[in-house]
Amino acid sequence: MRPENLFLTGFMGCGKTTVGLTLAKHLSGYTFIDSDEQLEKTAARKISEIFENEGETYFRDLET
């Protein structure tokens, strides 16, 4: 049975976005969603701005 969703986890800069885009392209029926992009849309600002203005703890709360 095929999973409904796939989640990629790993350290910053390890290639999650690159691998996720490739998987979504090659696996029929999957759409790639980048959690950082979704967070920026929800917060209506860049992650770097969140870190600068509210700090990492606030960002991690949003991320969770």
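Please refer to the structure higher up on the page.
Remember, it's a predicted structure, so these values are computed and weren't measured experimentally.

### Concerning unusual backbone geometry
Phase 1 of the analysis: A positive phi angle, close to 60°, is found at Ala44, a residue other than glycine.
Phase 2 of the analysis: Here Ala44 is to be found in the loop between α2 (35–43) and α3 (47–54).
Phase 3 of the analysis: With relative accessibility at 67%, the residue Ala44 sits in the exposed group.

### So, a nonpolar patch on the surface
Phase 1 of the analysis: On the surface, Leu6, Leu8, Val19, Leu23 and Leu27 cluster together to form a nonpolar patch covering roughly 370 Å² of accessible area.
Phase 2 of the analysis: Mapped onto the elements, Leu8 comes out in the segment before α1 (16–26).

### Some words on the packing of α3 against helix α4 (residues 56–63)
How two helices sit against one another is set out by the angle between their axes and by the gap between those axes.
Phase 1 of the analysis: Packing of α3 against α4 brings their axes to within 7 Å, and their N-to-C directions diverge by 135°. If you check the angle between α3 and α4, you find them oblique. The residues of α4 that touch α3, namely those facing Ile47, Ile50, Phe51 and Glu54, are Glu56, Tyr58, Phe59, Arg60 and Leu62.
Phase 2 of the analysis: For the contact of α3 with α4, the per-class residue count stands at 6 nonpolar, no polar and 3 charged.

### Details of the pattern of salt bridges
Any two side chains of opposite charge can pair, given that their charged atoms come close.
Phase 1 of the analysis: The final tally for this structure, using the stated rule, is 4 salt bridges.
Phase 2 of the analysis: Here Lys46 ties to Glu40 by a salt bridge, and the two come within 3.9 Å at their closest N and O atoms.
Phase 3 of the analysis: We classify Lys46 as partly exposed; its relative accessible area is 48%.
Phase 4 of the analysis: Through salt bridges with shared partners, a single ionic network connects Glu56, Arg60 and Glu63.

Conventions and cut-offs
- Residues numbered from 1 in each chain as written.
- Predicted model: local features only at pLDDT ≥ 70, side-chain atom pairs only at ≥ 80, totals over all residues.
- Heavy atoms only, no water.
- Helix = DSSP H or I, 4+ residues; strand = E, 2+ residues; numbered from the N terminus.
- Buried < 20%, exposed > 50% of the residue type's maximum accessible area, 1.4 Å probe, protein only.
- Patch = residues over 30% accessible without salt bridge, like charges linked within 9 Å, V, L, I, M, F, W, Y side chains within 5 Å.
- Areas by Shrake-Rupley, 256 points an atom, 1.4 Å probe, with all protein chains shown as cover.
- Salt bridge = Lys/Arg side-chain N within 4 Å of Asp/Glu carboxyl O.
- Axes fitted to C-alpha atoms, helices over the stretch in contact; angles between N-to-C directions.
- Parallel < 35°, antiparallel > 145°, perpendicular 65-115°, else oblique.
- Contact = heavy atoms within 4.5 Å.
- Nonpolar A, V, L, I, M, F, W, Y, C, P; charged D, E, K, R; others polar.

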